[in-house]
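Each chain is listed here by its residues.
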Amino acid sequence: METDSTGVIEAARAIRPYLPRLLAPAAAHALDHQLAAELTDPADPAATARQLRALLDGQADTAWFLAEVLRDAPDYRPPYHQPHYLSRQPPGGRAIPPGDPGPVGGAARFTCPRGDYVWYRPDVATPVPACPTHQTPLVRG
């Protein structure tokens, strides 16, 4: 199977904030540590992508996340920030009331300057965290 290196690397960066929701605490911590080690200054992106794919394919929930990010090429957004996950339909097929703004798409993307972490700001009131690996401020981009 051909690996979309860019997409796999982006998925590994983007999944890190969601690991505590996808896995048990010990598994989330261990995988986060492994991902950070692979992502920090990769020498060979293709080899890094293969290793990251193996790590992400190791659990059903992380494999799902990876597949959803790859399906979102070339944007490679986390599933929770993709348009089809943001759309709302009221129960019973009713129309959304006029004036209801619904979910806001286009969340701002913030990255670690060292390249191992990506975080999407859910709204402007949410403060931007530091990179959990390097404790440096994330930058927009």
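Residues numbered from 1 in each chain as written. Predicted model: local features only at pLDDT ≥ 70, side-chain atom pairs only at ≥ 80, totals over all residues. Heavy atoms only, no water.

Structural notes on the overall build of the chain
Of the regular secondary structure elements, the chain holds six helices and three strands. The order of helices and strands in the chain, counted from the N terminus, is α-α-α-α-α-α-β-β-β. When each of the 141 residues of the chain is scored for burial, the buried share is 37%. Residue pairs at least 24 apart in sequence account for 49% of intrachain contacts in the chain once pairs closer than 6 positions are excluded. (Helix = DSSP H or I, 4+ residues; strand = E, 2+ residues; numbered from the N terminus. Buried < 20%, exposed > 50% of the residue type's maximum accessible area, 1.4 Å probe, protein only. Contact = heavy atoms within 4.5 Å.)

Things to note about the packing of aromatic side chains
Summed over the entire model, instances satisfying the criterion amount to six aromatic pairs. Plain terms: the ring middles of Tyr 18 and Phe 65 are 5.7 Å apart, the flat faces sit at 40° to each other, and that makes the pair tilted. Taken together, the positions of Tyr 18 in the loop between α1 (5-15) and α2 (19-22) and Phe 65 in helix α5 (residues 60-71) put the pair 47 residues apart, joining distant regions of the chain. Comparing Tyr 18 with Phe 65, the two get one shared label, buried. Centre to centre, the rings of Phe 110 and Trp 119 are 5.9 Å apart; their planes meet at 50°, and the pair counts as tilted. (Phe/Tyr/Trp six-rings, centres within 6.5 Å; stacked < 30°, edge-to-face > 60°.)

Some words on the pattern of salt bridges
Tallied over the full model, the rule gives eight salt bridges. We note a salt bridge from Arg 16 to Asp 32, for which the minimum N-O separation is 2.5 Å. One end of the pair, Arg 16, is in the loop between α1 and α2; the other, Asp 32, is in helix α3 (residues 25-39), with 16 residues separating them in the sequence. Taking the relative accessible area as the measure of exposure, Arg 16 reaches 4% and is therefore buried. The partner of Asp 75 in a salt bridge is Arg 77, with the nearest N and O atoms 3.6 Å apart. (Salt bridge = Lys/Arg side-chain N within 4 Å of Asp/Glu carboxyl O.)

Here's the deal with the side chain of His 134
Along the chain, the position of His 134 falls in the loop between β2 (118-120) and β3 (139-140). Among the polar contacts made by the side chain of His 134, one reaches the side chain of Asp 116 at a distance of 3.4 Å. Beyond its immediate sequence surroundings of up to four residues, His 134 is in contact with Thr 40, Cys 112, Arg 114 and Asp 116. (Polar contact = N/O pair within 3.5 Å; in protein donor to acceptor, adjacent residues only side chain to side chain.)

Describing the sheet that holds strand β1 (residues 109-111)
Pairing is antiparallel in the open sheet, where three strands are placed in the order β2-β1-β3. The open sheet has two free edges, formed respectively by β2 and β3, since each of these has just one partner strand. Pairing of β1 with β2, which is carried by three bridges, proceeds in the antiparallel orientation. In the sheet register, Arg 109 faces β2, and the bridge partner there is Tyr 120. (Pairing = 2+ DSSP bridges.)

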